[in-house]
Amino acid sequence: MTTSALSPAARLRGLRPDWLHDPRVWRTEILAGLVVGLALIPEAISFSIIVGVDPAIGLFASFTMAVTISVVGGRRAMISAATGAVALVTAPLNREHGFGYLVAAVILAGVFQIVLGALGVARLMRFVPRSVMVGFVNALAILIFMAQVPEMHDVPWAVYPLIVVGLALMVFFPKVTRTIPAPLVSIVILTVVTVAAAIAVPTVGDKGALPSALPVPGLPDVPFTLDTLTTVAPYAIAMALVGLMESLMTAKLVDEITDTRSSKTRESIGQGIANIVTGFFGGMGGCAMIGQTMINVRVSGARTRLSTFLAGAFLMVLCIVFGPVVSDIPMAALVAVMVMVSFTTFDWHSIAPRTLRRMPAGEIAVMVLTVAVVVATHNLAIGVVVGTITAMVIFAKRVAHLADVTSVVDPDGTRVVYRVTGELFFASSNDLVTRFAYATDPDRVVVDLSGTHIWDASSVAALDAIETKYAQRGKSVEIVGLNQPSARIHETLSGELTGSH
């Protein structure tokens, strides 16, 4: 049957995503959103404390970020909310200049993210090697676990058995049924037990008061002057870069977990839009949350935008409508969930002895360095940058050794042919000049570059130096075998790099 033969109702159904017709998917997405909404509450409150603002500010930011990114984001099922990375960047601004400047920085950061997204900054993700990605994931798992340690230090003894019971429920409950997410079951059971038995343990309510009304849009309370712009711009740029890097790395990880592709450019622009919306609603800004995304995607099995939207919606409903109930949730229940997330996020295969024996030493070094930098700085973006630069240096050093030069002298001794193989770029071309016998070679020299490729100006400068050294001895050099791109760069730059004409 052709499309034109279908009824309008049937055509409309065809435009809808497949998951809209599947009740099982609805159930998974709704329950996943509820679990993530619960898990977001203490995290958002904690990040508010880091920045030095009222807990409601962090909760509002998580609500607006999640709801907005569910519509405009490029990676389905990824959770964006208030995050520690962004909180660490913006805390000094709030401390030194006040909340109005913080909100202005959030809005400006969103503008920067839209510009960077439109310029194609997401394409830089292709330069992040797998060893850095593995290091990023493992460091993330360690940070998630480390964030739970304060909740297990100097607490009543009852907290520890509650955490153990929560972990046991999440391990064994899925063997009974996967209809209801195990983290939700764990949270509900532990809350009922602690309330019914009147067990005195830290609760969500101890973190701070929950909001009682929805956020109201407005402009930041700052003077709209050049001085304000110069004050907030450095923080906005830092927030934009950290937020984009963390969001794009998280999107790449979700792509691998779900075996699906996402639009990184749309995600970059979407993060900017979400931060602008969050700023106008008086939020503290944010980006993708890897921990909550792992709860949503890996633990709860969510795959659509619905779970992201509902995570934000449930967050506000839980705070405003069910505030007293949510306040009674023991922190031990949420700690157990995050510990399980930490365990499932860590790539245990990457540190297995068999894997380490087969992996090149450089790859292991990059992975370990990425983990070490992230754990030391508590900043995923810094670790990714350091790891990627290190991987590039190791790669350049490895490829530089692949360039080789062999020579063959004609039987009559009147000509020598040098054949160059491998890649010619700044690291390999430095040694190229030393591979020729300028003093003893015949008067005719042929350099065959059919087995190589010229990548940069350094290689052209090296070839110019070779020709100059032979010319000083009255010998001629003929360069042959250049492929078209190499010939183009050689023709453009040859003779133009020494400054003497």
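Residues numbered from 1 in each chain as written. Predicted model: local features only at pLDDT ≥ 70, side-chain atom pairs only at ≥ 80, totals over all residues. Heavy atoms only, no water.

1. As for the overall build of the chain
Line of reasoning, step 1. Regarding its fold elements, the chain presents 20 helices and six strands.
Line of reasoning, step 2. Taking 2.2 N^0.38 as the reference for a compact globule, 501 residues should give roughly 23 Å; the C-alpha atoms of the chain span a radius of gyration of 29 Å, well beyond that estimate.
Line of reasoning, step 3. Across the 501 residues of the chain, 50% fall into the buried class.
Line of reasoning, step 4. Long-range pairs, those at least 24 residues apart, make up 84% of the contacts in the chain with a sequence separation of at least 6. (Helix = DSSP H or I, 4+ residues; strand = E, 2+ residues; numbered from the N terminus. Rg over C-alpha atoms; globule rule 2.2 N^0.38 Å. Buried < 20%, exposed > 50% of the residue type's maximum accessible area, 1.4 Å probe, protein only. Contact = heavy atoms within 4.5 Å.)

2. Topic: the pattern of salt bridges
Line of reasoning, step 1. Overall, the coordinates contain six salt bridges when judged by the stated rule.
Line of reasoning, step 2. Note that Arg 415 and Asp 410 form a salt bridge whose closest N and O atoms lie 3.0 Å from each other.
Line of reasoning, step 3. A salt bridge links Asp 448 to Arg 419, with the nearest nitrogen and oxygen atoms 3.2 Å apart. A residue pair is termed long-range when its members are at least 10 positions apart, and Asp 448 in strand 5 (residues 444-454) and Arg 419 in strand 4 (residues 415-424) qualify at 29 residues.
Line of reasoning, step 4. One salt-bridge network, in which partners are shared between bridges, spans Arg 75, Asp 255 and Lys 264. (Salt bridge = Lys/Arg side-chain N within 4 Å of Asp/Glu carboxyl O.)

3. Re the pairing of strand 3 (residues 404-409)
Line of reasoning, step 1. Bridging between strand 3 and strand 4 involves six bridges; their strand directions are antiparallel. Across the sheet, Asp 404 pairs through a bridge with Thr 421, a residue of strand 4.
Line of reasoning, step 2. A loop of five residues connects strand 3 with strand 4, the two strands running antiparallel in sequence, and Gly 413 in this loop sits at a positive phi of about 75 degrees. (Pairing = 2+ DSSP bridges.)

4. Regarding the sheet that holds strand 3
Line of reasoning, step 1. Strand order across the open sheet formed by four strands is 3-4-5-6, with mixed pairing between neighbours. Each edge of the open sheet is held by one strand with a lone partner, namely strand 3 and strand 6 (476-480). With strand direction ignored, the average angle separating the axes of adjacent strands in the sheet is 20 degrees.
Line of reasoning, step 2. Contacting strand 5 and strand 6, helix 20 (residues 484-493) crosses the sheet at an angle of about 120 degrees to strand 5. (Axes fitted to C-alpha atoms, helices over the stretch in contact; angles between N-to-C directions.)

5. A closer look at empty space enclosed by the protein
Line of reasoning, step 1. In this structure the tally under the stated criterion is two cavities of 30 Å³ or more.
Line of reasoning, step 2. Taken as a whole, the largest cavity encloses approximately 40 Å³ of empty space.
Line of reasoning, step 3. Considering the residues around the largest cavity, the lining is formed by Arg 130, Ser 131, Val 134, Ser 350, Met 359, Glu 363, Ile 364 and Met 367.
Line of reasoning, step 4. Listed by contribution, the elements that provide at least two residues to the lining of the largest cavity are helix 6 (130-148) and helix 16 (361-377).
Line of reasoning, step 5. Partitioning the lining of the largest cavity into residue classes produces four nonpolar, two polar and two charged.
Line of reasoning, step 6. Here the second largest cavity is characterised by a volume of approximately 40 Å³.
Line of reasoning, step 7. Every residue lining the second largest cavity is listed: Ile 69, Ser 70, Arg 75, Arg 76, Ala 77, Met 78, Glu 267, Arg 305 and Thr 308.
Line of reasoning, step 8. For the lining of the second largest cavity, the elements supplying multiple residues, two or more each, are helix 3 (55-72) and helix 12 (305-320).
Line of reasoning, step 9. Of the residues assigned to the lining of the second largest cavity, the class counts are three nonpolar, two polar and four charged. (1 Å grid on protein atoms, 1.4 Å probe; cavity = no way out; pocket = protein on both sides within 12 Å on 5 of 7 lines; lining within 4 Å. Points joined across faces, edges and corners; volume = space filled by probe spheres on them. Nonpolar A, V, L, I, M, F, W, Y, C, P; charged D, E, K, R; others polar.)

6. Let's talk about the side chain of Glu 29
Line of reasoning, step 1. Looking at where Glu 29 falls in the secondary structure, it is placed in helix 2 (residues 23-51).
Line of reasoning, step 2. Buried within the structure, Glu 29 lacks any salt-bridge partner; Arg 303 is the closest side chain of opposite charge, at an N-O distance of 6.9 Å.
Line of reasoning, step 3. At a separation of 2.9 Å, a polar atom in the side chain of Glu 29 contacts the side chain of Thr 304.
Line of reasoning, step 4. Setting aside chain neighbours within four positions, we find Glu 29 in contact with Gly 301, Ala 302, Arg 303, Thr 304, Leu 306, Ser 307 and Leu 310. (Lys, Arg positive; Asp, Glu negative; His and termini not counted. Polar contact = N/O pair within 3.5 Å; in protein donor to acceptor, adjacent residues only side chain to side chain.)

7. Regarding the layout of surface pockets
With a probe scaled to a water molecule rolled over the atoms, the places where space remains empty come into view.
Line of reasoning, step 1. If you add up the space inside the largest pocket, you get close to 780 Å³.
Line of reasoning, step 2. Listing elements by their share of the lining of the largest pocket, those giving two or more residues are helix 2, helix 4 (84-97), helix 6, helix 11 (290-299) and helix 14 (331-345).
Line of reasoning, step 3. Looking at side-chain class alone, the lining of the largest pocket contains 21 nonpolar, eight polar and four charged residues.
Line of reasoning, step 4. Within this model, the second largest pocket holds a volume of roughly 390 Å³.
Line of reasoning, step 5. In terms of lining residues, the second largest pocket is bounded by 20 residues, among which Met 170, Pro 174, Arg 178, Ala 182 and Val 299 are the most central.

8. With respect to the environment of Ala 61
Line of reasoning, step 1. Relative to the elements of secondary structure, Ala 61 occurs in helix 3.
Line of reasoning, step 2. In this structure Ala 61 comes out as buried when scored by relative accessible area, which is 0%.
Line of reasoning, step 3. Measuring from C-alpha to C-alpha, the distance between Ala 61 and Val 195 comes to 30 Å, with 134 residues separating the pair along the chain.
Line of reasoning, step 4. Non-local contacts of Ala 61, meaning those with residues more than four positions away in its chain, are made with Ala 82, Thr 278, Gly 283, Met 284 and Gly 285.

9. Some details on the state of the cysteines
Line of reasoning, step 1. On inspection of all chains with the given rule, the structure shows zero disulfides.
Line of reasoning, step 2. Just so you know, Cys 287 is unpaired, no disulfide at all, and the nearest cysteine sulfur is the one on Cys 319, 20 Å from it.
Line of reasoning, step 3. Judged by its relative accessible area of 3%, Cys 319 falls in the buried class. (Disulfide = S-S within 2.5 Å.)

10. Brief notes about helix 16
Line of reasoning, step 1. Between the first and last C-alpha of helix 16 there are 24 Å, a value that for 17 residues agrees with the 24 Å anticipated at 1.5 Å per step.
Line of reasoning, step 2. Where helix 16 is buried, its residues contact helix 6 and helix 17 (380-400).
Line of reasoning, step 3. Positioned one or two residues after helix 16, His 378 has a phi angle of 60 degrees, which is positive. (Expected span 1.5 Å × (residues − 1).)

Purely geometric stuff here, so don't read any function into it on its own.
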